[in-house]
Amino acid sequence: MPCYRCGRVQTDPVRGASPWARGVVEGEQVLICPECQRDHPAWTEELTACPRCGNTRLSIVMGSVVCRACGHDWPARAAE
Ligand SMILES: [Zn+2]
Ligand SMILES: [Zn+2]
């Protein structure tokens, strides 16, 4: 999966230690590369935030968005 801002492809998917950030934008799982995180300090403002705790570290699992901070989950496509 490429960076959703610049389209750069993740070269070495190191488990656990990857500097690439995950997030959710409009119901889609996205990745943000380290360069875009650094060059766009407000990058987290573009991401969907957990309605319970406000965290943007979200994953999509089986059609649901799951907050990795508090465990809250909700349908990825609730608005449709
Ligand atoms: Zn990027
Ligand atoms: Zn949360």
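Whatever comes next refers back to the structure up there.
Read on for a plain summary of the structure. (Residues numbered from 1 in each chain as written. Chains lettered and ligands numbered in written order. Predicted model: local features only at pLDDT ≥ 70, side-chain atom pairs only at ≥ 80, totals over all residues. Heavy atoms only, no water.)

## Points about the coordination of the zinc ion (ligand 2)
Selection rule: Coordination partners: N, O, S within 2.8 Å of the metal, 3.2 Å for Na, K and Ca; water not considered, so apparent gaps in a site are possible. Geometry is assigned from donor-metal-donor angles: four donors are tetrahedral when every angle falls between 85 and 135 degrees, four are square planar and six octahedral when opposite donors sit over 155 degrees apart with all other angles between 65 and 115, and any other arrangement is irregular. A helix here means a DSSP run of H or I that spans at least four residues, while a strand means a run of E at least two residues long, and both kinds are numbered starting from the N terminus.
On the protein side, the zinc ion (ligand 2) has Cys 50 (SG), Cys 53 (SG), Cys 67 (SG) and Cys 70 (SG) as donor atoms, found 2.3 Å from it. Taken together, the four donor atoms surrounding the zinc ion (ligand 2) define angles of 103 to 116° at the centre, an arrangement classified as tetrahedral. Counting the intervening residues between successive donors of the zinc ion (ligand 2) yields the motif C-x2-C-x13-C-x2-C. Here the residue Cys 50 occupies a position in the loop between helix H1 (34-39) and strand S3 (58-61), and Cys 70 occupies one in the loop between strand S4 (64-67) and strand S5 (73-75), the gap between them amounting to 20 residues.

## Regarding the pairing of S4
Regular strands show a simple pattern: their side chains alternate between the two faces of the sheet. For the record, the criterion: Throughout, exposure labels follow a simple rule: accessible area from a 1.4 Å probe, protein chains only, divided by the maximum for the residue type, with under 20% read as buried, over 50% as exposed, and the rest as partly exposed. Two strands pair under a simple rule: DSSP has to find at least two bridges between them.
Burial of the side chains of S4 is restricted to one face: Val 65 and Cys 67 are buried, whereas none of Ser 64 and Val 66 on the reverse face is. Of the pairings in the sheet, the one linking S3 to S4 comprises four bridges and is antiparallel in character. The residue of S4 that forms the bridge with Leu 58 is Cys 67. Counting the residues between successive antiparallel strands, the hairpin from S3 to S4 contains two residues, one of them, Met 62, with a positive phi of roughly 55°.

## Quick word on the nonpolar core
Spelled out, the test is: To define a nonpolar core, start from buried Ala, Val, Leu, Ile, Met, Phe, Trp, Tyr and Cys residues and group those joined through side-chain atoms within 4.5 Å. The criterion used for residue contact is that any of the two residues' heavy atoms lie within 4.5 Å.
Counting residues in each nonpolar core, the largest one holds eleven residues, listed as Cys 3, Trp 20, Ala 21, Val 25, Val 30, Leu 31, Ile 32, Cys 33, Cys 36, Trp 43 and Leu 47. Per-element accounting of this core gives the leading share, three residues, to strand S2 (residues 28-32). Those residues in contact with Leu 31 that lie beyond four places of it in its chain are Met 1, Pro 2, Cys 3, Tyr 4, Gln 10, Trp 20, Ala 21 and Arg 22. Core analysis: the next-biggest nonpolar cluster, separate from the first, contains seven residues, Val 24, Cys 50, Cys 67 and Ala 76 among them.

## Describing the coordination of the zinc ion (ligand 1)
With distances of 2.3 Å, the protein atoms coordinating the zinc ion (ligand 1) are Cys 3 (SG), Cys 6 (SG), Cys 33 (SG) and Cys 36 (SG). Because the angles between the four donor atoms bound to the zinc ion (ligand 1) fall within 105 to 113°, the donor set is best described as tetrahedral. For the zinc ion (ligand 1), the donor residues sit on a single chain with the sequence spacing C-x2-C-x26-C-x2-C. Of this pair, Cys 6 sits in the segment before strand S1 (21-25) while Cys 33 sits in the loop between S2 and H1, placing them 27 residues apart in sequence. Relative accessible area serves as the criterion here: at 0%, Cys 33 is assigned to the buried category.

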